Amino acid sequence: MRFLVMICVMAAWPLGGLAQGFAGLGTDAEGFSVPRLGTEIVFPEDHGAHPEYRIEWWYLTSNLTGADGIEYGVQWTLFRSALAPEAGEGWSAPQIWMGHAALTTPDRHFVAERLARGGIGQAGVETAPFAAWIDEWRMAGTSDISDLSLTASAPDFAYDLDLVAEGPIVRHGENGYSVKSSEGQASYYYSQPFYRVEGTLNLPEGPVEVTGGAWLDREWSSQPLSENQSGWDWFSLVLDTGERLMAFRLRETDGGQFTSGTWIAPDGTASAFGDGALTATPLSTTRVAGRDVPVQWQVELPDRGLDVTVEAMNDQAWMETSVPYWEGPVRVRGSHGGRGYLEMTGYE
Amino acid sequence: MKRRALVALLSHWKRHPLQAFALIAGLALATALWSGVQAINAEARASYDRAADVVGAPGLDRIEGPLDQQTYVALRRAGWPVSPVLEGDWQGLRLIGVDPLTAPPGNAVAVGDLEDPSAFLRPPGAVVVGPDTRIEAEVRLLRSEDVPAGVAYADIGIAQGLLGRPGAISYLVLTGPLPRGAAELGTVSPELARAPGGDGQSDVARLTDSFHLNLTAFGLLSAAVGIFIVYSAISLAFEQRRTVVRTLRALGVPLRDIVGLLAVELLGLALIAGAIGIALGYAIAAALLPDVAATLSGLYGADVPGAIRLRPVWWLSGLGIAILGTGLAATGAVLRLLRMPILETARPEAWRLRTQRTLRRMAVGGVLLLGLSAALGVAGQGLIAGFAMLASLLVGAALLLPLILDTILGLAAHPARAPLARWFWADGRQQVPGLSMALMALLLAMAANIGVSTMVSSFRLTFTGWLDQRLASELYVRAQDAGQAQDLVAWLEPRATAVLPIVSVETRIAGLPADIFGVADHPTYRDNWPLLSAVPGVWDRVAEGEGVLINEQLSRRLSLAPGDTLPEGERVLGIYSDYGNPAGQLLVGLETFRDRYPQVAARQFGVRVPPERAEALAQEITATFALGPDGVVDQAGIKAFSLRIFERTFTVTRALNVLTLAVAGFAILMSLLTLAGMRLPQLAPLWAMGVTTGRLARLELLRAVALAAVVAVLSLPLGLALAWVLLAVVNVEAFGWRLPMYLFWPDYVELWGWALVAAALAAAWPALRMARLQPGSLLRVFSQER
Amino acid sequence: MTDTPLLRVSDLTKSFSDAGRRIDVLNGVSLHLDAGQSLALTGESGSGKSTLLHLIAGLEAPDDGVIEIGGLRTDTLDDAGRARLRRSDVGLVFQQFNLIPSLSVGDNIAFQAQLAGRYDGALVKTLADQIGVADQLGKYPEALSGGQQQRVAIARTLAARPKLVLADEPTGNLDEPRADAVLDMMLRIVRDTGTALVMVTHSRRLAERLDRVAHLSRGRIVA
């Protein structure tokens, strides 16, 4: 549920006045399409952009290990935000794109951001073959996205990774229709959590060869948040057993919460869990960028005998971007071992 | 007790309202001229600062060359952090199209109340202008304090539409460091060049500095003239209050308290006068700013709004000058008071001895200052030294004035036989100390007038002559882009005598920003180019690529003469004058230029046609090609434009001339009025001996005019020295060029006339009072009660 | 010597207005003086003695009455005429501020004579000798003592050879010995040159040294 960072596009807006915060997404979506239960997700078309929806992203996170055993995290995200429900052409196209790239080591966290107008070719997504790009950052490969190459660069870091899918695409919720609140807000949401990764990280001190896994999230919607929701905590965990868990908790302004998740078997079989089936409880916080952010969690899914502690690999994985948030690799201990990614938004 | 003492001290002003008026008026005038000038300067500077904060502004490197949207996207996709800028003329404004998403961080236009970005980005879009800009276009207007006058911002897509140039980009700014592994510029597009950030802003600041410097000098001078008035008023007031002070001390008021009270009194007066002066200054600035703004925008392309705003910077400096000036003017008087023994008899020191001593002391100071000025002229370096030289020249000459006047009047009295004639000169001599401050003010005002108008007129004469040489082509055309340029040349070739490409790139020479121009080998240049010095056969050698021509400012900055070698290795073949340009400039042959910068395509051309056909051809070009508003400019138009600008400059200069002269006239009036009372004992014996008051009044008037005439004559050499320093020292230090000096006798004669008129007007009222004097007033001089 | 006296004053009246109030200063004064004679005018402060002197000198015009100098009416003269009178017919010496500070002592002595067109270098030299400033002619008045200044003023007056010398407390600022010396000199020169002298003084002692004394009280001559 990374969707929400999308708003940031607006906050990134140099003309200002739009930093309405994460809650702003709960407003009505005039003229935009709204996800409907029962709509079939179709490939390769749905790997591409859906300009008639307000927000959309291609969100890849990767847990990697160097030859010396040092662990790394990599994030590559392309957001799309529409000012109007149409693709358009040239400078007048109402589509705005934003890229975030991050590289996390146990003691450092590199971040870069790019913004682009749609309609002039500076950023976009194509499906045959698949390519998503903003400036020179690029995620591209086969139409079925089973074989991708991924690059991003910044003055202080760069990476170049090859991704091969070793399992099927997983649809969340009801066949890809993912409910986000008790009031029925929803999005289309599918993932490819089975990538095997090889490649090179470019750090200030030199290149590092790495291997590991990656998880791609695809989501699009027009009104994904309820008005009383203030932020979320999102987990993508790859367990040593070969099983995977996507879990999120939407925090409500009155202290309540809405939880949801998908349990993914090693063969890709998905089981959706609705509100209340899983719990995520902060255990300790750390001071990051002037705020207290929970970097140690207890995540429980009693139905699958899961009771784990999830801990940030690097507490300081703060995304100092147009709208800032926390996003970084985590380690999993307890009933299951493993690793994954954690995203937290709305911590003021 | 202090209160009583203060009342006793203040009662003086009640009994001498004229002195109080002179003090306050002098101070207010000084403050007014100073703060008026400061207000203009502050307004201009603020607008430069605003301009510095925007996209496309200087400091950032640029990518130049043949650019379009595809090239831009290709560069972005090769990792280059560039942001597109499209500039064009629209509705009389410089419309700057930007892409807010890629604009350099912190450099974007902040439009505070823009709630919906769509309104800015998407058709019909919106245009952001400064608070004072007026346009009549049917677009949504947004206002922002951050947008300078004369500029409008829009989204680049909207700007392309408004300018009718879809897909066009003027240049790209590099917004940050390159990412790792970014492609070489050449692999993206071989025609692109990375240019160092144009220092455009500081150029404007440096160019206009000259103008502001002139204004500031004028302001300071006027303030100085005003301070002279204040000095006389305060000195007189303190002198006349010696008795009060002595009495107060005899009554047991400590001297410290008295000085403190006087300080409070003076501060109060300074604040009152300062406030009046600031109000007047505001009025002056408001009246002059439109002309100043027009001058700045015309001469230097710097846009300044035509309305003045209250800025703390200048009203504070106005109050500062009022207080500082009062302090300065009062220091001597207060010191004399401090040294005064309590029992000193009231008998004033013999005036002649004191006067002679003072005159001599001032003259010694004056000679020392003139010596300092000469030494600075020989050994000084830099602009500060130039101005120090100027200041010491002016003050030194002013200090010498009383002794010179005294000597001249002494000499004039010598051959006079008639008793009244003798008395006329002798008495004039006696008045010199009392009038010296006012006469010094007149001398400075006139010298400044002569100096500044000589400089401005010399500049105009030189500049117009230079324009004739430099603008040899009948027409100048500028294409919107390289493609249009090609079409234009093809179209022009059969229609014109010659089409001369004008190509240039920005570069750095010895670390300083400079432009390199390529010029064709053509008689246009050979016959007309304003060369100051050159090696023999210079144009052949330039055409063959043997070396370069450099402009005067570069040659002065690097101390290069023809035959020398630039730090970059090129041989200097000649030096040409290049007025109005702060940067260095190099001229190379067109072939050499093309070899060196193959990616720079010519977009500007000089077109030679028989002059009588120029206008028709210009119309044809405009009809055939969609050029910008300044796409075709004819030589005559540029010259007319330049002269119009100078007229504006003259308006401002003339206004300030009149003001300083008026202040000097006022100084004379005030001095004469305060002297009038003291002079009765000197005039009464003459009246008693049978000289009518009417005759005395006529003589008084005549004497004021005679003194002004002497000062006027003396002001000529000083004014010319001032002009010389401005032209040959300050200009060279400030801008790197030296201007020949021309003399404008009719102007000087006119100025002399005005000075005499000012003196006569100033003396008229005191003379009238004299003529109407009742016998009783004169008789009182002799009577015992006095 | 002649039928007509050098100076004749008949029924002279003069009043001033002060703050709207009329003050009668002279209420019908008559007197006469022959050439070579000297007359002292005495009286209290405000008795009108200075005003009488000023009217005779043509510094001011009378309200009524007749003034004749050398047989010619001067009371009816206009401003320019009175100025001419002062220039060529009378000589004035005041208590102070007689000299022109911007002119040298020599120039001061010669000044009125030149103004009147009667400059005589030899006379100026003689007078300078007589008053004892012959070696100080190049100095300026401020360099002289008060007594010297008064003597220079007298010399200046006499150098112009007026018919009538009018002196208003000429020794008022001087101590007794100096006052006596100045008066001695003045009387001597007046007698030598046959000039008439009218002197205002409040000092009875000095007044008695003149040929005649006229005492004024409330604008009338009482003795």
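Residues numbered from 1 in each chain as written. Chains lettered and ligands numbered in written order. Predicted model: local features only at pLDDT ≥ 70, side-chain atom pairs only at ≥ 80, totals over all residues. Heavy atoms only, no water.

**Focus on the sheet that holds strand β1 (residues 7–18) of chain C**
The pairing of strands in a sheet happens through backbone hydrogen bonds and is either parallel or antiparallel.
Residues and elements named next belong to chain C.
Part 1 of the reasoning: Sheet architecture is open: 4 strands sit in the order β2-β1-β4-β5, paired in antiparallel fashion. Strands at the two margins of the open sheet, each flanked by one partner only, are β2 (21–33) and β5 (72–73).
Part 2 of the reasoning: Across 5 bridges, the pairing between β1 and strand β4 (residues 64–69) is antiparallel. Bridge pairing in β4 places L7 opposite I69.
Part 3 of the reasoning: The strands that helix α1 (residues 49–57) touches are β1, β2 and β4; relative to β1, the one it contacts most, it runs at about 115°. (Pairing = 2+ DSSP bridges. Helix = DSSP H or I, 4+ residues; strand = E, 2+ residues; numbered from the N terminus. Contact = heavy atoms within 4.5 Å. Axes fitted to C-alpha atoms, helices over the stretch in contact; angles between N-to-C directions.)

**Looking at the confidence of the model for chain A**
Residues and elements named next belong to chain A.
Part 1 of the reasoning: Averaged over all residues, the pLDDT of chain A is 87; the fraction at 70 or higher stands at 91%.
Part 2 of the reasoning: Within chain A, the lowest mean pLDDT, 30, falls on helix α1 (residues 7–12), and the highest, 97, falls on strand β9 (residues 158–165).
Part 3 of the reasoning: Counting interchain partners and residues more than four positions distant, the pLDDT-below-50 stretch residues 1–29 has 102 contacts. (pLDDT = per-residue confidence, 0-100.)

**Some thoughts on the interface of chain A and chain B**
Part 1 of the reasoning: Listed as interface residues are 33 residues of chain A and, on the opposing side, 31 residues of chain B.
Part 2 of the reasoning: Between chain A and chain B, a total of about 2700 Å² is buried, with carbon and sulfur atoms accounting for 60% of that surface.
Part 3 of the reasoning: The tally of links between chain A and chain B comes to 4 salt bridges.
Part 4 of the reasoning: Note that B:D99 and A:R117 form a salt bridge whose closest N and O atoms lie 3.1 Å from each other. (Buried area = accessible area lost by both parts, 1.4 Å probe. Salt bridge = Lys/Arg side-chain N within 4 Å of Asp/Glu carboxyl O.)

**Let's talk about the environment of B:A447**
All names here are of chain B.
Part 1 of the reasoning: Secondary-structure assignment places A447 in helix α13 (residues 419–470).
Part 2 of the reasoning: Residues A447 and L720, spaced 273 residues apart in sequence, show a C-alpha to C-alpha distance of 7.6 Å.
Part 3 of the reasoning: Setting aside residues up to four positions removed in sequence, A447 forms contacts with L394, S715, L718, G719 and L722.

**Side note on the environment of B:Q356**
Residue and element names in this part refer to chain B.
Part 1 of the reasoning: Of note, Q356 is situated in helix α11 (residues 351–379).
Part 2 of the reasoning: The class for Q356 is buried, based on a relative accessible area of 18%.
Part 3 of the reasoning: Sequence separation between Q356 and L403 is 47 residues; the distance between their C-alpha atoms is 8.4 Å. (Buried < 20%, exposed > 50% of the residue type's maximum accessible area, 1.4 Å probe, protein only.)

**Here's the deal with the sheet that holds strand β7 (residues 164–168) of chain C**
All names here are of chain C.
Part 1 of the reasoning: Read from one edge of the open sheet, 6 strands run β6-β7-β8-β3-β9-β10, paired in mixed fashion. Whereas interior strands pair on both sides, the edge strands pair on one side only; in this sheet they are β6 (90–93) and β10 (220–221).
Part 2 of the reasoning: Direction of pairing for β7 relative to strand β8 (residues 196–200): parallel, over a ladder of 5 bridges. Bridge assignment links D168 to a residue of β8, and that residue is V200.

**Some thoughts on a negative patch on the surface**
Residues and elements named next belong to chain A.
Part 1 of the reasoning: Taken together, the side chains of D144, D147, D160 and D162 make up a negatively charged region of the molecular surface.
Part 2 of the reasoning: Relative to the helices and strands, D160 is located in strand β9.
Part 3 of the reasoning: The class of D160 is partly exposed, set by a relative accessible area of 42%. (Patch = residues over 30% accessible without salt bridge, like charges linked within 9 Å, V, L, I, M, F, W, Y side chains within 5 Å. Areas by Shrake-Rupley, 256 points an atom, 1.4 Å probe, with all protein chains shown as cover. Lys, Arg positive; Asp, Glu negative; His and termini not counted. Charge placed at Lys NZ, Arg CZ, Asp CG, Glu CD.)

**Let's talk about the nonpolar core**
Part 1 of the reasoning: B:I234, B:L492, B:L549, B:I550 and B:I621 are the most contacted members of the largest nonpolar core, which totals 171 residues.
Part 2 of the reasoning: The biggest single contributor to this core is α13(B), with 22 residues.
Part 3 of the reasoning: Here this core gathers at least three residues from each of two domains, domain 2 (205–273 + 289–300 + 354–464 + 652–784) and domain 3 (475–608) of chain B.
Part 4 of the reasoning: Apart from residues no more than four positions distant in its own chain, B:I234 is found in contact with B:L23, B:L266, B:T326, B:A329, B:A330 and B:A333.
Part 5 of the reasoning: Of all hydrophobic cores here, the second largest spans 54 residues; its members include B:L778, C:L6, C:L59 and C:F111. (Core = buried A, V, L, I, M, F, W, Y, C linked by side-chain atoms within 4.5 Å. Domains from an automatic or database assignment.)

**A closer look at the environment of B:G665**
All names here are of chain B.
Part 1 of the reasoning: Tracing the chain through its elements places G665 in helix α20 (residues 635–688).
Part 2 of the reasoning: Under the relative-accessibility criterion, G665 is labelled buried at 10%.
Part 3 of the reasoning: When the C-alpha atoms of G665 and A708 are compared, they prove to be 9.8 Å apart, with 43 residues separating the residues in sequence.

**Focus: empty space enclosed by the protein**
Vacant regions in the atomic arrangement are exposed by a probe of water-molecule size rolled over the atoms.
All names here are of chain B.
Part 1 of the reasoning: With the rule as written, the count across this model stands at 6 cavities of 30 Å³ or more.
Part 2 of the reasoning: Of the pockets and cavities examined, the second largest cavity occupies roughly 50 Å³.
Part 3 of the reasoning: For the second largest cavity, the full set of lining residues is A22, I229, S232, A233, L236, M670, S671 and T674.
Part 4 of the reasoning: At the level of elements, α7 (200–240) and α20 are the ones that each hand at least two residues to the lining of the second largest cavity.
Part 5 of the reasoning: If one sorts the elements of the lining of the second largest cavity by residue count, α7 sits on top with 4 residues.
Part 6 of the reasoning: Tallied by class, residues from the lining of the second largest cavity come to 5 nonpolar, 3 polar and no charged. (1 Å grid on protein atoms, 1.4 Å probe; cavity = no way out; pocket = protein on both sides within 12 Å on 5 of 7 lines; lining within 4 Å. Points joined across faces, edges and corners; volume = space filled by probe spheres on them. Nonpolar A, V, L, I, M, F, W, Y, C, P; charged D, E, K, R; others polar.)

**Observations regarding a nonpolar patch on the surface**
Part 1 of the reasoning: On the surface, a cluster of nonpolar side chains totalling about 390 Å² of accessible area is made up of B:W724, B:M741, B:L743 and B:W745.
Part 2 of the reasoning: Tracing the backbone shows B:W724 in helix α21 (residues 693–735).

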